[in-house]
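# Examination of the molecular architecture
These are the residues of each chain, in order.
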Amino acid sequence: MELKSDKEIESLRISGRLAAELLNAVCAKAEAGITTKELDIVAAQWIKEHDARPAFLNYKGYPAHICVSINEEVVHGIPSPRKLKVGDIVGIDVGLFYNGWCGDTARTISIGKISQTAEKLLRASESSLNKSIEKAIVNNRLGDVSNAMQRVAEENGYHVVENYGGHGIGRAMHEDPHVPCLGRAGTGMRLNSGLVLALEVMVNVGCREVSHKPDGWTVLTADGSLSAHFEHMVAIRSTGTEVLTII
Ligand code: MF3
Ligand code: CO
Ligand code: CO
């Protein structure tokens, strides 16, 4: 587990804030009628204008700058000619490198009026991530963080996804440790000062199982139920935990 110095965290604060600004810029354009490919172009231009580099493009062959996952798509939706429409929930995940440091953040937004189920899912998923951030403090364990995500989701009658999760982050987008969306409190590695994590929660209305689209990337809920994704980077330090992907 790589622990970051204060100076390194200062760099990650900058890349984290930039990723948050990029996410806002893309979300601001996400309305009924726009294609997800057009959102990808917005992101590509924004990244370029801010002297950053895309983190997702060509990552293991990924063909776009952002992931856009609609309704029953869990994560890793590839931008396409598909248009957003009123009632959709849309997970937007963005990543960039600035000055060699990665920023990675995601949230799920609504397009116009959405169903009550969808509203409730978004609220529950965001509070699941927020509760996990509260648990991401020095001397807690990784299982405390994962368990908080799972507990809030399940209290609301939902299920977290098993095979995807958050990760350490730094000069690389994906560093150790893997941070599952479910786990047992009091288990796992101890959280030490200097650990920087991208915490991610994926919550399904129905079963926790997922399937994959033939495109090799898009993850779907196995039962076709709605799914939401939220992600923030946090720097865990003895002086407190700081969310890096805010403005
Ligand atoms: N941003 C995703 C994550 O949160 C990773 C996307 S990889 C890609 O970890 F290749 F799909 F872009
Ligand atoms: Co991400
Ligand atoms: Co991530």
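Everything here concerns the structure above.
Structure report, in brief. (Residues numbered from 1 in each chain as written. Chains lettered and ligands numbered in written order. Predicted model: local features only at pLDDT ≥ 70, side-chain atom pairs only at ≥ 80, totals over all residues. Heavy atoms only, no water.)

## Some remarks on the layout of surface pockets
The computed volume of the largest pocket comes to approximately 380 Å³. The wall of the largest pocket is formed by 22 residues, among which Tyr59, His76, Met173, His174 and Glu200 lie closest to the centre. Mapped onto the lining of the largest pocket, the elements with two or more residues apiece are strand S7 (165-168), strand S9 (195-204) and strand S12 (227-237). For the lining of the largest pocket, the leading source of residues is S7, giving three residues. (1 Å grid on protein atoms, 1.4 Å probe; cavity = no way out; pocket = protein on both sides within 12 Å on 5 of 7 lines; lining within 4 Å. Points joined across faces, edges and corners; volume = space filled by probe spheres on them. Helix = DSSP H or I, 4+ residues; strand = E, 2+ residues; numbered from the N terminus.)

## A look at the coordination of the cobalt ion (ligand 3)
Binding of the cobalt ion (ligand 3) to the protein goes through Asp104 (OD), His167 (NE2), Glu200 (OE) and Glu231 (OE), at separations of 2.0 to 2.1 Å. Of note is the cobalt ion (ligand 3), whose six donor atoms meet at the metal with angles of 52 to 170° in an arrangement that counts as irregular. In the primary sequence, the donor residues of the cobalt ion (ligand 3) line up as D-x62-H-x32-E-x30-E. Metal-to-metal, the separation of the cobalt ion (ligand 3) and the cobalt ion (ligand 2) is 3.2 Å; Asp104 coordinates the two. Here Asp104 is found in strand S5 (residues 101-110), whereas its partner Glu231 is found in strand S12, with 127 residues between them in sequence. (Donors = N, O, S within 2.8 Å, 3.2 Å for Na, K, Ca; no water. Tetrahedral: all angles 85-135°; square planar, octahedral: opposite > 155°, others 65-115°.)

## Observations concerning the coordination of the cobalt ion (ligand 2)
For the cobalt ion (ligand 2), the full set of protein donor atoms is Asp93 (OD), Asp93 (OD), Asp104 (OD) and Glu231 (OE), at a range of 2.0 to 2.4 Å. One can describe the site at the cobalt ion (ligand 2) as irregular: its six donor atoms subtend angles covering 57 to 162° at the metal. Read N to C, the donor residues that coordinate the cobalt ion (ligand 2) are spaced as D-x10-D-x126-E. Asp104 sits in the buried class, given a relative accessible area of 2%. For Glu231, a relative accessible area of 0% gives the class buried. (Buried < 20%, exposed > 50% of the residue type's maximum accessible area, 1.4 Å probe, protein only.)

## Observations concerning the nonpolar core
In terms of nonpolar packing, the biggest core is built from 33 residues, with Leu197 and Leu199 touching the most fellow members. Residue assignment for this core shows that the elements contributing at least two residues are strand S3 (73-75), helix H3 (116-135), helix H4 (142-155), S9 and S12. Excluding residues within four positions of it along the chain, Leu199 makes contact with Leu129, Ser132, Ile133, Ala136, Val145, Met149, Val179, Phe230, Glu231, His232 and Val234. Core analysis: the next-biggest nonpolar cluster, separate from the first, contains 23 residues, Val26, Ala30, Val68 and Ile109 among them. (Core = buried A, V, L, I, M, F, W, Y, C linked by side-chain atoms within 4.5 Å. Contact = heavy atoms within 4.5 Å.)

## A closer look at the sheet that holds strand S11 (residues 219-221)
What the three strands build is an open sheet, ordered S3-S11-S10; its pairing is antiparallel. The outermost strands of the open sheet, each flanked by one partner alone, are S3 and strand S10 (210-212). Each neighbouring strand pair of the sheet contributes to a mean axis angle of 45°, computed without reference to strand direction. Where S3 meets S11, two bridges bridge the pair, whose relative direction is antiparallel. Bridged to Glu73 within S11 is Leu220. (Pairing = 2+ DSSP bridges. Axes fitted to C-alpha atoms, helices over the stretch in contact; angles between N-to-C directions.)

## Some words on the site of ligand 1
Looking at ligand 1, there are 13 residues lining it, with Phe56, Asp93, His174, Glu200 and Glu231 nearest. Here a nitrogen atom of ligand 1 and a side-chain polar atom of Asp93 are 3.0 Å apart. The separation between an oxygen atom of ligand 1 and a polar side-chain atom of His174 is 2.6 Å. Computed on the free molecule, ligand 1 has an accessible area of 330 Å², of which 97% lies beneath the protein chains in the complex. The pocket occupied by ligand 1, as judged from atoms lying within 2 Å of grid points, is the largest pocket. (Near = heavy atom within 4 Å. Polar contact = N/O pair within 3.5 Å; in protein donor to acceptor, adjacent residues only side chain to side chain. Areas by Shrake-Rupley, 256 points an atom, 1.4 Å probe, with all protein chains shown as cover. Sits in = over half its atoms within 2 Å of the grid points.)

## A closer look at the pattern of salt bridges
Applying the stated criterion to the full structure yields twelve salt bridges. Between Glu73 and Lys213 there is a salt bridge, with its nearest N and O atoms 3.1 Å apart. Taken together, the positions of Glu73 in strand S3 and Lys213 in the loop between S10 and S11 put the pair 140 residues apart, joining distant regions of the chain. Among the ionic pairs, Glu134 bridges to Lys131, the shortest N-O distance being 3.4 Å. Separated by three residues within a single helix, Glu134 and Lys131 lie in helix H3, roughly one turn from each other. Each of Asp6, Glu10, Arg13, Arg237 and Glu242 takes part in one network of salt bridges that share partners. (Salt bridge = Lys/Arg side-chain N within 4 Å of Asp/Glu carboxyl O.)

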